[in-house]
Amino acid sequence: MTEEQKNSVDWKLILAIADKAGVVGKPVTDYVQAVLTDVEMPEMDGYEACRALRQRPGAEQMPILMLTVHDDVESIQRAYEAGATDFMAKPVSWPLLGHRLRYMLRATEAFHELARSEAELLRHVAERTVKLQETNARLESANTDLEAFILSVTHELRAPLRAVREIGRAHV
């Protein structure tokens with residue numbers, strides 16, 4: 001890899017998996033932003049590695065790019081079924097690999113931003129729901145008080161009206 005190729009992507013943030021120890025031995029931490037793996041590896045193939053990574057906490061949404069000399073439909077389908085985010089056939093075009101990785105990282109960041117926005121929206125909805133429930137309880141209480149007042153006023157108005165009605169009947 002040339003110096004220019006190395007500088008085309010922030011390679012420090014990419015976990016390259018070359019064997020089974022890379023899947024089970026390395027922790028998936030916050031500084032790993034993407035995984036680059038080959039389909040053909042000793043001990044564990046890339047499909048198995050991808051499935052194993054997807055089972056690890058913290059790697060459920062991590063972008064995984066699989067590389068292989070196989071570019072047939074079946075191999076591509078197996079890669080996606082195993083949980084790969086993207087698939088690239090060899091020989092590797094280093095500039096294209098850099099672009100694909102940057103795109104995957106941007107898409108992952110957009111996904112995380114969407115998840116943060118959704119969480120914020122859910123928090124806001126929950127707060128507003130509590131406020132609306134409190135307001136509803138106050139309105140129900142005020143409605144109950146109003147109904148009691150109306151009953152009282154109705155009762156108070158009926159007594160004098162009854163007396164007036166009786167006076168009117170007596171004069172007829």
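All figures in this text were calculated on a predicted structure; none of them were measured in a lab.

So, how was this worked out
- Residues numbered from 1 in each chain as written.
- Predicted model: local features only at pLDDT ≥ 70, side-chain atom pairs only at ≥ 80, totals over all residues.
- Heavy atoms only, no water.
- Salt bridge = Lys/Arg side-chain N within 4 Å of Asp/Glu carboxyl O.
- Helix = DSSP H or I, 4+ residues; strand = E, 2+ residues; numbered from the N terminus.
- Buried < 20%, exposed > 50% of the residue type's maximum accessible area, 1.4 Å probe, protein only.
- Arc of directions from axis to C-beta.
- Polar contact = N/O pair within 3.5 Å; in protein donor to acceptor, adjacent residues only side chain to side chain.

Draft legend 1. Examining the pattern of salt bridges more closely. All chains considered together, the criterion is met by six salt bridges. The closest approach of N and O atoms between E120 and R123, which form a salt bridge, is 2.3 Å. On the criterion of helical spacing, the pair formed by E120 and R123 is a turn pair, its members being three residues apart in helix α5 (residues 94-171).

Draft legend 2. Focus on unusual backbone geometry. Note that the residue after K90, namely P91, is joined by a cis bond; omega there is 5 degrees. Take P91: it is sitting in the loop between β4 (86-89) and α5.

Draft legend 3. Broad picture of helix α3 (residues 46-54). Burial in α3 covers these residues: G46, Y47, A49, C50, L53 and R54. Take α3 and look down its axis: the buried residues cluster within an arc of 160 degrees, on one side only. Its side-chain oxygen placed 3.0 Å from the backbone nitrogen of Y47, D45 serves as the N-cap of α3.

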